[in-house]
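# Reading the structure
Listed below are the residues making up each chain.
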Amino acid sequence: LVFFPSQPSPHEASHLPEPPNSAPRARISRAAHQSPPAAGAMPRRGETAVVPIDVDGGGGGQGRPKSPRHRSHGPGHHGRNGPQHQHRSRTPPQPQQEFRPFRRWFPFLVPLFVVANIVLFVLTMYINDCPAHAQATGAAIGGSVGESATAEGCWLAPELGRFAFQSFKENPLVGPSSATLLRMGALETSKVTKDHEGWRLITCIWLHAGVIHILANMLSLLLIGIRLEKEFGFMRIGTLYVLSGVGGSLMSALFMVSNISVGASGALFGLLGSMLSELITNWTIYENKFAALLTLVMIIVINLAVGILPHVDNFAHLGGFTSGFFLGFVLLMRPQFGYINQKNSPLGFPMGATKQKFKTYQIILWVIATVILISGFTVGLVLLLKGFNASEHCSWCHYLSCVPTSKWSCKAPNNYCMSSQLGNQLNLTCQSTGKTATYVLTDPNNAEAIKNLCVGLCS
């Protein structure tokens, strides 16, 4: 992923003021003032600081006698080579500091976000405690089936202890169980609409389904977020990250009603969207604009195309990208170089006509984006709280999240079973596959054991 820092175009850069420097005539007058008068030298022409120089003749001011006696003496005379001869003997001027029109920030918030995500994942695995739950499930089932459930329930249990991962059959991303993720704050639409747990729209962006999931997201966050925070500061990027994540969660909850969703992908796509809108709104201060735009669009399209694979919540990606795109117009707008030129001009520097801080098109885009953001978030929250299922009103929208092919199916794994129980005997029928099995439980009231049996039957 490539970020294109704001650079002034050649046209704009030509108007930047040069840092103040000592004028050559000031150095000449200083040398003239410090040189001791020679015996018999001609008197000065007054106290003026400017000494007229005849470069071609190497003489002093006009009207000065060019006799050998005064050719190389006198405080106002510079010899045969003129003032350039004296400058060669002086210390060269110090190199001027690079002029930066915008402030550079030290990135600390994005690394802090990465640390917070990793800590929460470790805490989730600690609470998950797969070996303990597997043993309880095996004891409730009993017999050889229970022993098999205990043995196959966790991965790397001897090495990791209670931090062991769920089996690949249950979680192919190498992480905790869905029940633990729900307990930690994963997004489920029914929890928001029926139980009024709206805080899940925020907490779900800090949770991850597995090691593969968190590694991919945190690497992307470091590559994109640090560069953006250096350019725009922690306040803007932090606000953009969180609001984009909420926007992704909101769209996911409206379209993926029956799924559990976690991850920072929506917030990451918000950062990508803000990069695109930042390039558009600050168009006049970029070099190689069309090359930057083409490269960025290609990166965004490739990342969104990955979302059409099965078991990927592309609605969260689309919601985060859309939110970040409009937030970029609001939060990442840059002042124009003409305004910065006048603001940083030294005293006495000719400034010309007063420049506007922002161009007219930037203000128009800011107003439009603000209206869309406020109305979009308001309408989305109202529809979600009313239990609106957007997928029922859009017959083709499911193709935005997954496109079925001969290689894969877009049907979500349905681990729901019909059960009937007689004493300790349990009969299960998987609704998605139609498989039926009978089990004898030592503890028929253990709901976790029944769920584990259902997952194994439907896998």
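So, how was this worked out
Residues numbered from 1 in each chain as written. Predicted model: local features only at pLDDT ≥ 70, side-chain atom pairs only at ≥ 80, totals over all residues. Heavy atoms only, no water. Salt bridge = Lys/Arg side-chain N within 4 Å of Asp/Glu carboxyl O. Helix = DSSP H or I, 4+ residues; strand = E, 2+ residues; numbered from the N terminus. Buried < 20%, exposed > 50% of the residue type's maximum accessible area, 1.4 Å probe, protein only. Pairing = 2+ DSSP bridges. Core = buried A, V, L, I, M, F, W, Y, C linked by side-chain atoms within 4.5 Å. Contact = heavy atoms within 4.5 Å. Disulfide = S-S within 2.5 Å.

### Description of the pattern of salt bridges
Close approach of charged atoms allows side chains of opposite charge to pair. This model, assessed by the stated rule, comprises four salt bridges. Between Arg162 and Asp129 there is a salt bridge, and its shortest N-O distance comes to 3.6 Å. One end of the pair, Arg162, is in the loop between helix H7 (157–160) and strand S2 (165–166); the other, Asp129, is in the loop between helix H4 (109–128) and helix H5 (130–141), and 33 residues separate them in sequence. According to the relative accessible area criterion, Arg162 is partly exposed, its value standing at 31%. Through salt bridges with shared partners, one network takes in Arg104, Glu231 and Arg334.

### Describing the pairing of strand S5 (residues 417–422)
Looking at chain direction, S5 and strand S6 (residues 425–430) are connected through six bridges and run antiparallel. Of the residues in S6, the one forming a bridge with Met418 is Thr429. Hairpin connection from S5 to S6: two residues lie between these consecutive antiparallel strands, with Gly423 at a positive phi of about 65°.

### Thoughts on the environment of Lys355
Structurally, Lys355 is set in the loop between helix H16 (337–343) and helix H17 (360–385). For Lys355 and Lys343, which are twelve residues apart along the polypeptide, the C-alpha to C-alpha distance reads 9.6 Å.

### With respect to the nonpolar core
Of all hydrophobic cores here, the largest spans 52 residues; its most connected members are Leu221, Leu228, Tyr241, Leu271, Ile300 and Leu384. Elements represented by at least two residues in this core include exactly H4, helix H11 (211–232), helix H12 (234–255), helix H13 (265–281), helix H14 (289–306), helix H15 (314–331) and H17. Every residue in contact with Tyr241, bar those within four places of it in the chain, is listed here: Phe113, Asn117, Trp206, Leu221, Ala264, Ala267 and Leu271. Cys417, Cys430, Ala449 and Leu453 belong to the second largest nonpolar core, which has 13 residues in total.

### A short note on the pairing of S6
Only one face of S6 is buried, namely the one carrying Leu426, Leu428 and Cys430, since none of Gln425, Asn427 and Thr429 on the opposite face is buried. Remark: five residues form the turn of the hairpin made by S6 and strand S7 (residues 436–440), two consecutive strands paired antiparallel; Gly434 in that turn has positive phi of roughly 80°.

### A look at the state of the cysteines
Per the stated rule, a full pass over the model turns up two disulfides. The partner cysteine of Cys130 in its disulfide is Cys154, sulfur to sulfur 2.0 Å. In this structure, the disulfide formed by Cys130 and Cys154 twists by about -105° around the S-S bond and is classed as left-handed. Of this pair, Cys130 sits in helix H5 while Cys154 sits in strand S1 (residues 154–155), and the two are 24 residues apart along the sequence. The two residues Cys130 and Cys154 agree in class, both being buried. Through a disulfide, Cys394 is tied to Cys397; the S-S separation comes to 1.8 Å. The chirality of the disulfide connecting Cys394 with Cys397 is right-handed, given an S-S dihedral of about 80°.

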